[in-house]
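Coordinate analysis (summary)
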Amino acid sequence: MPICAHTRLRHTCDLLIAERRADGTDHGDLLSALVAARDLEDGGRGMTDAEISDTILTVFLAGTETTASTLAWALDLLARHPEIEQRLHTEVDTVLRGNPASHADLPRLELTERIITETLRLYPSAWFLTRTVTHDTHLGGHPLPAGTSVAYSPYLIHHRPDLHTDPETFDPDRWDPQRPRAPRNAFIPFATGARKCIGNTFAMTEATLALATITARWSLKHLPGQPPVRPVLGASFGPGRLRMHATPRPRGFRSK
């Protein structure tokens, strides 16, 4: 990140933190929660401005590339499975009726949410994670002394045939409530336990509404002659060189 951009971000965070501390009102958002947080094991100490700023920037950065990658993979998968795309178009047309998706629409965007869930199973943004053992323990019969670093891959877990039927198949309906559920912790795109991603619910909501809004207005297809998209391993698990053509759908959004 360029120094000037980083400096501006930090300055903006500092202003917001100062305003919220002076306000003293709980606005029901993450910033209010951070300002009000107290460590009961440390005499009730609150977070410093620098700690709050670090957390804000972490959430801000972690919630952009990961969601963008998930949406890109979802659009790629839908283009490869036109029958599922058609079902999605039917759902968003019925639920949204030409309006942008809103939080109130979520309960009825059932297939849309299942598509996001299945996309996260196939292509979890957090494909490789680490943890540090805090107490001597055992894992699978192997002793792990405190301080040991453990690495695991949600991607590999999500593609295990003993945990997921036909794991290489894009099947959003595997998440239908009427279908048998995968074993506990067989699906961990946001990790699990005490260190589970704090933004998991927000990320699912954001991605579901974004996918519904995009596909209600546009139909996206791969450009002719484009080779199959291959994952690019980095901080997140994104599609490399994905090129698509967006065609306006007849219904689109209602004009204001």
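Refer to the structure presented above.
Residues numbered from 1 in each chain as written. Predicted model: local features only at pLDDT ≥ 70, side-chain atom pairs only at ≥ 80, totals over all residues. Heavy atoms only, no water.

1. Comments concerning the pattern of salt bridges
Let me state the cut-off plainly: For this document, the term salt bridge refers to a Lys or Arg side-chain nitrogen within 4 Å of an Asp or Glu carboxyl oxygen. When a residue's accessible area, from a 1.4 Å probe over protein chains only, is under 20% of the maximum for its type it is buried; when over 50% it is exposed; and in between it is partly exposed.
Going through the model one piece at a time under the given rule, you end up with 15 salt bridges. Of the charged contacts in the structure, one is a salt bridge between R45 and E51, with a shortest N-O distance of 3.4 Å. For R45, a relative accessible area of 38% puts it in the partly exposed group. Here D162 ties to R160 by a salt bridge, and the two come within 2.5 Å at their closest N and O atoms. Taking relative accessible area as the criterion, D162 reaches 52% and is therefore assigned exposed. One salt-bridge network, held together by shared partners, links D42, R45 and E51.

2. Some remarks on the nonpolar core
Here is the rule: Within this scheme, the nonpolar core is defined by two criteria: the residues are buried Ala, Val, Leu, Ile, Met, Phe, Trp, Tyr or Cys, and they are joined through side-chain atoms within 4.5 Å. In what follows, a contact means two residues having at least one pair of non-hydrogen atoms within 4.5 Å.
One finds L88, V92, L96, I115, I116 and L211 to be the most contacted residues of the largest nonpolar core, which totals 34 residues. Each residue touching I116, except ones within four places of it in the same chain, is listed here: T70, L71, A74, M204, A207, T208 and L211. Membership of the second largest hydrophobic core comes to 8 residues, among which are C13, I17, L34 and I56.

3. A word on the packing of aromatic side chains
For clarity, the threshold we go by: The rule is short: rings of Phe, Tyr and Trp, with Trp giving its six-membered ring, pair when the centres are within 6.5 Å, and they are stacked under 30 degrees, edge-to-face over 60, tilted in between.
Across all of its chains, the model carries 7 aromatic pairs by this definition. Following the ring pairs from residue to residue traces out a cluster consisting of W73, Y123, W127, F128, Y155 and F237.

4. Considering the packing of helix α4 (residues 65–80) against helix α5 (residues 82–96)
Note the cut-off: For helices, the axis comes from a line fit to the C-alpha atoms of the stretch in contact; other axes are also lines fit to C-alpha atoms, and the angle between any two N-to-C directions lies between 0 and 180 degrees. Each helix is a run of DSSP H or I of at least 4 residues and each strand a run of E of at least 2, with the numbering of both proceeding from the N terminus. Roughly parallel means an angle under 35 degrees; roughly antiparallel means over 145; roughly perpendicular covers 65 to 115; every other angle is labelled oblique. Polar here means any residue other than Ala, Val, Leu, Ile, Met, Phe, Trp, Tyr, Cys and Pro, which are nonpolar, and Asp, Glu, Lys and Arg, which are charged; Gly is therefore polar.
At a minimum axis separation of 5 Å, α4 and α5 run at an interaxial angle of 110°. Between α4 and α5, the angle is such that the two are roughly perpendicular. Residue-level contacts link L78, A79 and R80 of α4 to P82, I84, E85 and L88 of α5. Residues of the contact of α4 with α5, tallied by class, amount to 5 nonpolar, no polar and 2 charged.

5. Here's the deal with the side chain of E91
The following threshold applies: Counted as positive: Lys and Arg. Counted as negative: Asp and Glu. His and the chain ends are not counted at all. Think of a polar contact as two N or O atoms within 3.5 Å of one another; within protein, one of them needs to be a possible hydrogen donor and the other a possible acceptor, and neighboring residues in sequence only count if both atoms come from side chains.
Mapped onto the secondary structure, E91 falls in helix α5. Among buried Asp, Glu, Lys and Arg side chains, E91 stands out as unpaired, with R114 the closest opposite charge at 6.0 Å. Within polar-contact distance, the side chain of E91 engages the backbone nitrogen of E110 at 3.4 Å. Engagement of the side chain of E91 in a polar contact is seen with the backbone nitrogen of L111, the distance being 2.9 Å. Setting aside residues up to four positions removed in sequence, E91 forms contacts with R108, L109, E110, L111 and T112.

6. Re the packing of α5 against helix α8 (residues 200–217)
Where α5 contacts α8, the axes come no closer than 9 Å and their chain directions differ by 100°. For the element pair α5 / α8, the angle class is roughly perpendicular. Residues L88, H89, V92, D93 and L96 of α5 form the contact with α8, whose participating residues are L211, A212, T215 and A216. In terms of residue class, the contact of α5 with α8 is made up of 6 nonpolar, 2 polar and 1 charged.

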